[in-house]
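# Reading the structure
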Amino acid sequence: MIPTIEVSHLPSSSSFYAAVTQPLGIHFLCASPSSPHSLHFGIPAQPSEILFTLTESHSPRPSTITLTASNSTQVANFHALALESNTHRSEEHTSELQS
């Protein structure tokens, strides 16, 4: 069974996951046009391997997934990108509140 992560806003969530999982060799693979819209992420090999799916939900449930890294550099890059993405998101949220 492929893990599904429910998110409240698919476009921003897909940007976040695409950025932070890239150091692990995980990429956006394809979209599912059915409702609810879903985006599949995984290893772009032949055949591609879907590792997780993002699905938009009005009431997303908390999710946990475990991803594997080949080395400590991948982990460090993943962590740095996640922190950077959260910093930008926090700045955008603060700016919206001040407007």
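Residues numbered from 1 in each chain as written. Predicted model: local features only at pLDDT ≥ 70, side-chain atom pairs only at ≥ 80, totals over all residues. Heavy atoms only, no water.

Okay, the sheet that holds strand 4 (residues 49-56) next. Pairing within the open sheet is mixed, and its four strands lie in the order 1-4-3-2. Whereas interior strands pair on both sides, the edge strands pair on one side only; in this sheet they are strand 1 (4-7) and strand 2 (27-32). Shown here is a sheet whose adjacent strand axes are inclined to one another by a mean of 25 degrees, direction ignored. Here strand 1 runs beside strand 4; their pairing, made up of four bridges, is parallel. Considered in strand 4, the bridge of Thr 4 is made with Thr 53. On top of the sheet, helix 1 (residues 10-21) reaches strand 1, strand 3 (38-43) and strand 4; it is set at about 150 degrees to strand 4, its chief contact. (Pairing = 2+ DSSP bridges. Helix = DSSP H or I, 4+ residues; strand = E, 2+ residues; numbered from the N terminus. Axes fitted to C-alpha atoms, helices over the stretch in contact; angles between N-to-C directions. Contact = heavy atoms within 4.5 Å.)

This brings us to the nonpolar core. Grouped together as the largest cluster of nonpolar side chains are ten residues: Ile 5, Val 7, Leu 10, Tyr 17, Leu 24, Ile 26, Leu 39, Phe 41, Phe 52 and Leu 54. Excluding residues that lie within four positions of it along the chain, Ile 5 makes contacts with Tyr 17, Phe 52, Thr 53, Leu 54, Thr 55, Ser 63 and Ile 65. (Core = buried A, V, L, I, M, F, W, Y, C linked by side-chain atoms within 4.5 Å. Buried < 20%, exposed > 50% of the residue type's maximum accessible area, 1.4 Å probe, protein only.)

Let us look at the environment of Cys 30. As for its position among the elements, Cys 30 is in strand 2. A relative accessible area of 33% places Cys 30 in the partly exposed class.

We now examine the confidence of the model for the protein chain. Confidence along the protein chain averages 85 in pLDDT terms, with 86% of residues attaining 70 or more. Within the model, the stretch residues 90-99 combines pLDDT values under 50 with zero contacts to residues more than four positions away or in other chains. (pLDDT = per-residue confidence, 0-100.)

Taking 1.5 Å of rise per residue, the twelve residues of helix 1 would be expected to cover 16 Å, and the 16 Å separating its terminal C-alpha atoms lies within 8% of that figure. Within the span of helix 1, buried status applies to Leu 10, Ser 13, Ser 14, Tyr 17, Val 20 and Thr 21. Buried residues in helix 1, looked at end-on, bunch into an arc of 145 degrees, giving them a common side. (Expected span 1.5 Å × (residues − 1). Arc of directions from axis to C-beta.)

Right, let's get into the packing of aromatic side chains. Taken as a whole, this structure holds four aromatic pairs when the rule is applied. Note on Phe 28 and Phe 41: the rings are 5.9 Å apart at their centroids and 70 degrees apart in plane angle, and the pair reads as edge-to-face. Within this pair, whereas Phe 28 is found in strand 2, its partner Phe 41 is found in strand 3, the two being separated by 13 residues in sequence. Residue classification places Phe 41 among the buried residues on the basis of a relative accessible area of 1%. With 5.1 Å between their ring centres and 5 degrees between their planes, Phe 41 and Phe 52 make a pair best called stacked. Of this pair, Phe 41 sits in strand 3 while Phe 52 sits in strand 4; the two residues are eleven residues apart in sequence, bridging distant segments of the chain. For Phe 52, a relative accessible area of 0% corresponds to the buried category. What links up through ring pairs into an aromatic cluster is the set Phe 16, Tyr 17, Phe 28, Phe 41 and Phe 52. (Phe/Tyr/Trp six-rings, centres within 6.5 Å; stacked < 30°, edge-to-face > 60°.)

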